[in-house]
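The residues making up each chain are set out below.
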Amino acid sequence: MTRRVRLIGIGSGSLDQLTGEARAALASVDYVVAAAKHRHPGGSLPPGDSDPPHKDPLLAVRQALCDAAGVALVEVPDPPRDRDPRDYGAAVRDWHEARAAAYERVLLERPGDVGFLVWGDPSLYDSTIRVVEQVLERGRLDFDYDVLPGLAAPQLLAARHRIVLHEVGQPVLITTGRRLAEAVAEGHPNIVVMLDGSLAARDLPAPDRWRIWWSANLGTPAEELVSGPLGGVLAQIDRARERARNASGWVMETYLLRCLEDAEA
Ligand SMILES: C[S@@+](CC[C@H](N)C(=O)[O-])C[C@H]1O[C@@H](n2cnc3c(N)ncnc32)[C@H](O)[C@@H]1O
């Protein structure tokens, strides 16, 4: 039988966020492979250190899911990544290639069906599908893979705030904090922002033109929600972010910005 690799979306990592098919997929694999982002130089665990001071909290979430399913988790030290490269595209390609080589090593060493637990949904700001494709392209392994969807952060954001991400018939753009200014300049009326650790919305030139629905650590006990006119809620967001960080040891933010057309005058 052909070996199977399963990319399983896990939402924000709690058991009740897993879909039925994701649970079944997790239970079906022989082991799960997970990148360990320890913050030691070189991005790897020091030899013999079983409880490092900066253990990746998101790895602990994956470990808990594996424990609940009775499936072994194999940690792979995440290759180092240049966070401030001159050529962003090349740096990401190198990092994906290094990840593909690391995953290939584990899959060659350990037979059986393999799961990758992908934060949120594999379709949004996640490289697991690309990296698994690269493992196949390297030509040393043969397997089928499938993708099980999970709850993505923008879906959780909308549900928790009880909103639709756009007005009737309007488009919505999903982008990153780095590209927010560009999206605003292009005139997008509804913008979901991810991967923004420093609230790029703070620097928008006319905050009164925007309403924000902000969230942190959705789907966890430390979840935080703030909404209101952008200019009026920045301090509240800063306090909420610190509460989420202190409670979880990590913070991830997603927000919707909507242009208030009648405020343009
Ligand atoms: C690397 S991307 C992964 C996105 C993920 N694949 C998804 O479908 O949500 C990480 C970003 O997703 C968003 N995110 C992920 N989990 C979140 C959560 N629990 N609460 C709020 N935002 C979250 C944040 O914008 C974070 O910077």
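Visitor: Before we move on, could you go through the overall build of the chain and cite the residues and values that matter?
Guide: A count of helices and strands for the chain gives seven helices and 10 strands. A globule of 265 residues ought to have a C-alpha radius of gyration of about 18 Å, and the chain, at 20 Å, matches this closely. Overall size of the chain, expressed as C-alpha extent along the three principal axes, is 65 × 40 × 35 Å. Per-residue burial for the chain yields a buried fraction of 29% across its 265 residues. Of the contacts made within the chain by residues no fewer than 6 positions apart, 66% connect residues no fewer than 24 positions apart.

Visitor: Please provide a residue-by-residue account of the sheet that holds strand E6 (residues 173-176), values included.
Guide: Read from one edge to the other, the open sheet built from five strands follows the order E6-E7-E10-E8-E9, with strand pairing classed as mixed. The open sheet has two free edges, formed respectively by E6 and strand E9 (224-229), since each of these has just one partner strand. Ignoring strand direction, the axes of neighbouring strands in this sheet form an average angle of 15°. Summarising the sheet, strand E7 (residues 190-194) and strand E10 (residues 253-259) pair through four bridges and their orientation is antiparallel. Bridging from a neighbouring strand, Asn-190 pairs with Arg-258 of E10. Relative to E9, helix H7 (residues 230-248) is tilted by about 170°, and along the sheet it contacts strand E8 (210-216), E9 and E10.

Visitor: So what's going on with the site of the ligand? Residues and values would help.
Guide: Around the ligand, a shell composed of 19 residues is seen, among which Gly-120, Ala-152, Ala-153, Met-194 and Leu-218 lie nearest. When contributions to the shell around the ligand are tallied by element, the ones reaching two or more residues are E8 and E10. In terms of residue class, the shell around the ligand is made up of 10 nonpolar, six polar and three charged. Both domains that meet at the shell around the ligand, namely domain 1 (4-148) and domain 2 (153-263), each give it at least three residues.

Visitor: Account for helix H5 (residues 153-161), with residues named and values stated.
Guide: Residues of H5 that are buried include every one of Ala-153, Pro-154 and Leu-157, and no others. Down the axis of H5, the buried side of the element spans an arc of 100°, and every buried residue falls inside it. The inward-facing, buried residues of H5 contact E6, E7, E8 and E10. Where H5 terminates, the next one or two residues include Arg-162, which has phi positive at roughly 55°.

Visitor: Would you mind going over the pairing of E7 in detail, with residue names and values included?
Guide: Relative to E7, E6 is paired through four bridges, and the arrangement is parallel. What sits directly across from Ile-174, in E7, is Val-192. Each parallel crossover has a hand, and for E6 linked through helix H6 (residues 180-185) to E7 it is right-handed.

Visitor: Help me get a handle on the environment of Arg-140, residues and values and all.
Guide: You can see Arg-140 is positioned in the loop between helix H4 (128-137) and strand E5 (144-148). The exposed category is assigned to Arg-140, around which 10 C-beta atoms lie within 10 Å. Apart from the residues lying within four places of it in its own chain, the contact partners of Arg-140 are Glu-104 and Leu-108.

Visitor: Report on the domain arrangement of the chain, specifying residues and quantitative values.
Guide: Per the domain assignment, the segments making up the chain are domain 1 (4-148) and domain 2 (153-263). The centre of domain 1, based on its C-alpha atoms, is set 28 Å off from the matching centre of domain 2. In this assembly, eight residues from domain 1 lie in contact with 10 residues from domain 2.

Visitor: Describe in detail the nonpolar core, supporting the description with residues and values.
Guide: Ile-8, Ile-10, Ala-22, Leu-117 and Val-118 are the most contacted members of the largest nonpolar core, which has 29 residues in total. Contributions of two or more residues to this core are made by strand E1 (4-9), helix H1 (20-28), strand E2 (31-36), helix H2 (57-69), helix H3 (88-109), strand E4 (114-118) and H4. The contacts of Leu-117, once residues within four sequence positions are left out, are Ile-8, Ile-10, Val-32, Ala-34, Arg-62 and Leu-65. One finds Ala-153, Trp-213, Ala-216 and Leu-218 within the second-largest nonpolar core, a separate group that totals 26 residues.

Visitor: Account for unusual backbone geometry, naming residues and giving values.
Guide: Among all residues save glycine, negative phi is the norm, and among peptide bonds the norm is trans. Its identity as a non-glycine residue notwithstanding, Leu-195 has a phi of 50°, on the positive side. Following the sequence through the fold, Leu-195 ends up in the loop between E7 and E8. Residue class for Leu-195 comes out partly exposed when judged on the 16 C-beta atoms lying within 10 Å of it. The phi torsion at Asn-217 lies on the positive side, around 50°, for a residue other than glycine. Along the chain, Asn-217 falls in the loop between E8 and E9. By C-beta crowding, Asn-217 is classed as buried, having 22 other C-beta atoms within 10 Å.

Visitor: Lay out the sheet that holds strand E3 (residues 72-77) in plain terms, naming residues and giving numbers.
Guide: The strands making up a sheet are joined through hydrogen bonds of the backbone, oriented either antiparallel or parallel. With parallel pairing, the five strands of this open sheet are ordered in space as E3-E2-E4-E1-E5. Of all the strands in the sheet, the pair left with one neighbour each is E3 and E5. Along the sheet, successive strands turn relative to each other by an average axial angle of 25°, direction set aside. Examined bridge by bridge, E1 and E4 share five bridges and lie parallel to one another. Considered in E4, the bridge of Ile-8 is made with Leu-117.

Reading guide: rules and limits
- Residue positions within a chain follow its written sequence, with the count starting from 1.
- Thresholds applied to this predicted model are a pLDDT of at least 70 for local features of residues and 80 or more for the giving and counting of side-chain atom pairs; totals over whole chains, interfaces and linings are not thresholded and use all residues.
- Only DSSP runs of H or I covering at least 4 residues are called helices, and only runs of E covering at least 2 are called strands; the numbering of each starts at the N terminus.
- Radius of gyration here is computed from C-alpha atoms only, and the compact-globule reference equals 2.2 Å multiplied by the residue count raised to the power 0.38.
- Exposure is read from a count of other C-beta atoms within 10 Å of each residue's own; the residue is exposed at 12 or fewer, buried at 20 or more and partly exposed in between. C-beta atoms are placed from the backbone.
- Residues are treated as contacting if the C-beta atoms built from their backbones sit within 7 Å of each other.
- Pairing between strands is defined by DSSP: at least two bridges between the two strands are required.
- An axis is simply a line fitted to the C-alpha atoms; with a helix, the fit covers only the stretch in contact. Between two such axes, the angle follows the N-to-C directions and lies from 0 to 180 degrees.
- In this text, near has one meaning. A residue is near a molecule or strand if its C-beta atom, placed using the backbone, is within 6 Å of it.
- Amino acid classes used here: Ala, Val, Leu, Ile, Met, Phe, Trp, Tyr, Cys and Pro are nonpolar; Asp, Glu, Lys and Arg are charged; the rest, including Gly, are polar.
- Where each domain starts and ends comes from a domain assignment, either automatic or drawn from a database.
- The arc under discussion is defined with respect to the helix axis, by the directions toward the C-beta atoms.
- With strands facing away from the observer, any crossover in which the path from the first strand over the helix to the second runs clockwise is taken as right-handed.
- A set of buried residues drawn from Ala, Val, Leu, Ile, Met, Phe, Trp, Tyr and Cys, joined through C-beta atoms within 7 Å, is what defines a nonpolar core.

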